Each structure stands twice: as structure tokens, then as C-alpha cells.
Amino acid sequence: MIEPYQLSHHNAQHEAAHQRKFTFLAEELGSETAERILARLIDFQIAIPSWALGTGGTRFGRFAGGGEPRSLEEKIADVGLLHALNKSSGAISLHIPWDIPSDGEAIKQLAASHGLVFDAMNSNTFQDQAGQAHSYKFGSLQHTDARVRKQAVEHNIDVIRHGEALGSKSLTVWLSDGSSFPGQLSFRKAFERTLDGLREIYAALPADWKIFVEYKAFEPNFYSTTVGDWGQSYLYASKLGPKAYTLVDLGHHLPNANIEQIVSLLLMEGKLGGFHFNDSKYGDDDLTAGSIKPYQLFLIFNELADGMDARGLDHATGLGWMIDASHNVKDPLEDLLQSVEAIKLAYAQALLVDRTALENARENNDVAAAQEILQAAFRTDLRPLLAEARLRAGAAISPLGLFREQQIRRKLIETRGLKAVATGL
Ligand code: LRH
Ligand code: MN
Ligand code: MN
């Protein structure tokens, strides 16, 4: 989709303006700081969710934009395109059964030809599939009927097997289990049954795999959720063992939750596994990362940069960095480019925080100074640094600009059709 000459033409056109801004910024920051952040930005990859490559829609309607990927191969091609544009999307996260690979080895090779690897595999026991023996209407791992629980466990093990063939190293389990009305279930029994099921799944994990337990406070159940918050997820992860971690999806909290504090404590306890990045105003809105609360995203990365260093974790590989988004009004590919940019910007700003000065301010209870230090980093425009990292990595100075210049969506519609609809939510 993107030819090397188109990329170099684009970069040549933007190079002079970029150099002007970058030189100014590098001088302001000092070249040591600029280079330190640049090296980390080049390494930092964010996995794209296979289910976010098409238009999501809401329960009220779906307005497809056309040219959506019709198969797993086309989804990989789309992520390959994003990666060619920004060199920061070198991984894809699959959802089974939406993305069952017919030939794991061939799919792995196809992904590798785009420079992609497979991030966490996601199981699905929140929908009934055609031909399925038992329904998940009243939950999966928490279900009162042992046959339903067994079916859910077997599905998760099946997802692990698919992931092994692709070279994935983790399984994300998100359960919609819970209740919609008081009295509907026993919290204790639901928890214990779920734990039993997770234990069976855990036992099937290959030695070098991790399991991520994703929590969510509400929806589709609206009274209780069996993995409802980080405390419950942490409880499951602790009881399961060292390969189990908590996954934080930014949209899964009750309003105004202090997510950065949650992140800090999970990291401190060695139980933070990874993220589903998105943004929200009201619920699990699955909006573009950083589009509503960019300061929150920065504060989360501020805890991450600090906490990962404290634990000696490699920033690029220490945690699972994934997006989980849904697009109703924007082109999914444009939206994903914007999310990756916002995540990297928040990360870069966090790397800019003067940690020694912040620690001093904290120890001296100098509240105003502490705020100044954080906000000085947040308010520094580091976009030229991101562009420079892309340039050095062989990506486009402006990924979104090149996507539009090359009229990629029009070309996708031409080859795939206006009515092509991706599998997913
Ligand atoms: C649930 C969720 C979970 C699913 C995805 C499609 O709201 O965040 O991660 O796998 O959406
Ligand atoms: Mn999620
Ligand atoms: Mn969600």
C-alpha cells in the first residue's frame, strides 16, 4: 500500500519544517535528554487490536465506512500498513473466534513479512457462537452449570493453542460474567467457580506464557461484575500464581477512578500485566487514546516510567501495550494512528519529568513545586521528537498526512468494496 518512494517523497516534503522544529526543541531539552527519549520512542511498540480495524458501531446502529478487512489476512495487511506509516505498531492482538487462523504457520509468516508479531490472544465467552452446545447468557466461568464452565475453560485452552502456533506469549481473559439484578447470584459462589475455571486455564499455559485478567466494573451486566475492579482481578491473579497478572483497560472504571494510583500499586506488587488503551468520558466509550483526558494518560505514564525503572522492567517489553478501541465516526485506521501518537506522546512527556526534583519537592511537601514539575513536562510540545523518532525508524513524518495523501481508504474501498465489513464488535 505504501511504496518506499512515496514515503521518501512525503518525508522530503516535510523535512525542512520538521528540522526547524526539532532543532529548536533538542536545543531546549539538551541533546542528551532528546537522545535518551528518542531511543526509547523508537523501541516502543503498541499492539493493534484486530477488532478495531473495522467500524464498531453502537447498539443503536453501525455506519460502515467501506474497505474494511474481510479476513485475518486483510487485518494483518491493515496493521502492516499502520506499522509502515509509524513504525510503532509492530504487533497485533487477536480475538478468537473472530480471527481463527486456518493455517497458523502461514499467518505467522505473513505477519512477519509486515514486521509484525502477535501480542496477547483474547478469548470470547461473552457471545454465543453458532453451533455452540451451551449458552453464556448467565455467565461462563461463574455459571451454575458445570457443563457451561467446562465449555468456557476448553475455549480458553483452544485460544492458547492458536496463540502458540502464532508465537504469542499471553492470553487475555475478559469475562462479561456478573449479574444484572440484586439476588441473581451468590457473589461468593460466582467468585469461587470463576477462580476454579481460571485455575484450569492457568494450568494449560505454556511455561513462558502469561495470563492477563481484565476487569470491568459494568456492562453487559449492570448490578455486579465477577471481575469488577482491580482488587478482584488482583485477587484472582494472586491466587493463580506468578504467571497471572492484572490487565488495565482504561475504560473499565467507575467515573473519576484514580487509574494512575491503581497502576502504581499494581506495578509495585509486580502484578501489572498490561493495558488496553482508549479514552472515555462516560463509560466504556472506547474512544481514541488521549482524546478526552490527555493529562490522565500522561499521569499514568508518569507512574509507569517511574515504577518500571524501580522494578528494573524494560519499558518496551516489560508490559503488554495494547489498544482497545471502537470507531463510530472516524476512519478506523486514522483513529488508530491518532491513538498510537497520543500514547507515545504521553510516554515521551513522562520520560521528560525531572524525577530528582519531583522527589525533592515531595519530601519537602512543596506541593506547588511538585505540580509545576509535572505540568512543565506535560505542557512541553514533544511532537517534533515523535516525528524525529519516526524519521530515524524509517516511518513517515506525518503518518496521518501520508495516509490521506495516498488516499489509502479510497484504494481499500476499490479493492475490498464499499460493503466490506470486518468481524468483531
Ligand atoms: C470488554 C473489552 C474486552 C474485550 C473487548 C472487545 O469491554 O474491553 O477487552 O475483549 O472489549
Ligand atoms: Mn478491553
Ligand atoms: Mn472494554
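Residues numbered from 1 in each chain as written. Chains lettered and ligands numbered in written order. Predicted model: local features only at pLDDT ≥ 70, side-chain atom pairs only at ≥ 80, totals over all residues.

Per an unreviewed UniProt entry, the protein goes by the name L-rhamnose isomerase / sugar isomerase and belongs to Siphonobacter aquaeclarae.

S.K.: A description of the UniProt feature "domain: Xylose isomerase-like TIM barrel" (unreviewed entry) in the protein should follow, citing residues and the corresponding values.
M.R.: Annotation from UniProt places "domain: Xylose isomerase-like TIM barrel" (unreviewed entry) at residues 101–286. Between the end C-alpha atoms of residues 101–286 the distance is 26 Å, and the span holds 37% helix and 16% strand. (UniProt positions renumbered as here; feature names shortened; annotations may be inferred. Helix = DSSP H or I, 4+ residues; strand = E, 2+ residues; numbered from the N terminus.)

S.K.: Describe in detail the site of ligand 1, supporting the description with residues and values.
M.R.: The environment of ligand 1 is formed by 10 residues, the closest being N122, W174, D249, D284 and D324. Grouping the amino acids of the shell around ligand 1 by side-chain chemistry returns three nonpolar, two polar and five charged. (Near = placed C-beta within 6 Å. Nonpolar A, V, L, I, M, F, W, Y, C, P; charged D, E, K, R; others polar.)

S.K.: Would you mind going over the environment of L337 in detail, with residue names and values included?
M.R.: Tracing the sequence through the fold places L337 in helix α10 (residues 332–352). Note on L337: 25 C-beta atoms within 10 Å, which makes it buried. Along the sequence, L337 and L82 sit 255 residues apart, while their C-alpha atoms lie 6.9 Å from each other. Setting aside chain neighbours within four positions, we find L337 in contact with L82, L85, N86, P399, L400 and F403. (Buried ≥ 20, exposed ≤ 12 C-beta atoms within 10 Å, placed from the backbone. Contact = placed C-beta atoms within 7 Å.)

S.K.: A description of helix α13 (residues 383–393) should follow, citing residues and the corresponding values.
M.R.: Helical geometry note: an α-helix holds 3.6 residues per turn, so side chains three or four residues apart project in the same direction. Considered for burial, the residues of α13 that qualify are P384, L385, L386, A387, E388, A389 and R390. Elements in contact with the buried residues of α13: α1 (4–29), α2 (31–43), α3 (72–86) and α10. Immediately downstream of α13, the backbone of G394 shows phi near 90°, a positive value.

S.K.: Describe in detail helix α7 (residues 230–240), supporting the description with residues and values.
M.R.: Considered for burial, the residues of α7 that qualify are W230, S233, Y234, Y236 and A237. One side of α7 carries all its buried residues, which in axial view fall inside an arc of 160°. Residues of α7 that are exposed and angled more than 90 degrees away from the buried face: G231 and K239. Elements that come into contact with the buried residues of α7 comprise α6 (187–203), β7 (210–214), β9 (244–249) and α8 (259–268). Just past α7, the residue G241 takes up positive phi, approximately 135°. (Arc of directions from axis to C-beta.)

S.K.: So what about the sheet that holds strand β4 (residues 121–122)? Which residues, and what values?
M.R.: As a general point, the strands of a sheet are linked pairwise by backbone hydrogen bonds and lie either parallel or antiparallel. The strand order across the open sheet formed by six strands is β4-β5-β7-β9-β10-β11, and the pairing between neighbours is parallel. A strand with exactly one partner marks an edge of an open sheet, and here the two such strands are β4 and β11 (320–323). (Pairing = 2+ DSSP bridges.)

S.K.: Kindly report on the pairing of strand β10 (residues 272–277), identifying the contributing residues and their values.
M.R.: By the criterion of burial, β10 is predominantly enclosed, with six of the six residues buried. When β9 meets β10, the two strands line up parallel, connected through four bridges. Each residue of the ladder has a partner; that of L247, found in β10, is G274. Handedness of the crossover joining β9 and β10 through α8: right-handed. You can see the chain leave β10, run along helix α9 (residues 294–311) and come back into β11, and the turn it takes is right-handed. (Right-handed = clockwise from strand over helix to strand, strands pointing away.)

S.K.: Break down the pairing of β7 for me, with residues and values.
M.R.: Counting buried residues in β7 gives four out of five residues, a clear majority hidden from the surface. Direction of pairing for strand β5 (residues 170–174) relative to β7: parallel, over a ladder of five bridges. Paired with T172 across the strands is F212, a residue of β7. Taken together, the four bridges between β7 and β9 define a ladder with parallel strand orientation. By the bridge assignment, I211 is partnered in β9 with A244.

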